[in-house]
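Overview (structure and organization)
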Amino acid sequence: MPSFGRLHLVTDTRPGRDPLAVVRAALSAAGAELVVQVRVEDLASDREAYDLAGRVTDLCAAAGATCLVNDRLHVALAVGAAGGHVGALDLPVDAARRVLGPDAVLGATARTGEAGRAAVAAGATYLGVGPCYPTSTKDGLPAPIGPAGIAAVAGAVDVPVIAIGGVTAASAPELVAAGAYGVAVVGAVSSAADPARATAELLAAITAVR
């Protein structure tokens, strides 16, 4: 299995954002400790997703980091990414595993221990759990689950739990203390004045918790 870092950066492709610049900055601070999840807007074409994912995969390879592609597993295969991540409205986890093959990293979204156990049984290698806190980077999300929700899922599975949704350097330690292996962020890095510094601060916050 490829290196699996404790900090995941999800690309922000909303209008006015520069995801590649943010990825470069984050990699300069985190290197192989970073996992980049390429996520594009729903209306983006497969060609747009392919072009972005290919460039991010190359950047990650040069830094020894891991690149995953969210939702569009055919794009993950096409660019040679390490794997992908599926949400509740994407392919079922067992189908996603068949698409990606036995050795790829496969993340799945879960909000409860029961859902987490089912995803792991179907082939998930890690779980994205959240949203932990209110966030404006994605529409239509359910209510935040907070550290207690993280603890419930982490206590039910034996794979890494990655907390997502409104996570900052200030809130990351309580999520790790609750059982999260690491955290995934969008705005905490992409909206920062200095994405490299924001990345370093997040890593420090995560690793400070024993």
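Here the structure is shown first, and the text comes after it.
Residues numbered from 1 in each chain as written. Predicted model: local features only at pLDDT ≥ 70, side-chain atom pairs only at ≥ 80, totals over all residues. Heavy atoms only, no water.

**With respect to the overall build of the protein**
For the protein, the helix and strand inventory stands at nine helices and eight strands. Looking at the 210 residues of the protein, the share that counts as buried comes to 50%. Pairs at least 24 apart in sequence give 59% of the contacts found in the protein among residues at least 6 apart. Total accessible area on the protein is roughly 9200 Å²; 55% of this is exposed by carbon and sulfur atoms. The average position of the 15 basic charges and that of the 19 acidic charges among the side chains of the protein differ by 2 Å. (Helix = DSSP H or I, 4+ residues; strand = E, 2+ residues; numbered from the N terminus. Buried < 20%, exposed > 50% of the residue type's maximum accessible area, 1.4 Å probe, protein only. Contact = heavy atoms within 4.5 Å. Areas by Shrake-Rupley, 256 points an atom, 1.4 Å probe, with all protein chains shown as cover. Lys, Arg positive; Asp, Glu negative; His and termini not counted. Charge placed at Lys NZ, Arg CZ, Asp CG, Glu CD.)

**Some details on the pattern of salt bridges**
Tallying each qualifying case throughout the model produces five salt bridges. Of the charged contacts, one joins Arg 47 and Asp 51 as a salt bridge, the two residues approaching to 3.3 Å between their closest N and O atoms. Here Arg 47 and its partner Asp 51 are both found in helix α2 (residues 46-63), four residues apart, which amounts to about one turn of the helix. When salt bridges with common partners are traced through the structure, they connect Asp 12, Arg 14 and Arg 17 into a single cluster. (Salt bridge = Lys/Arg side-chain N within 4 Å of Asp/Glu carboxyl O.)

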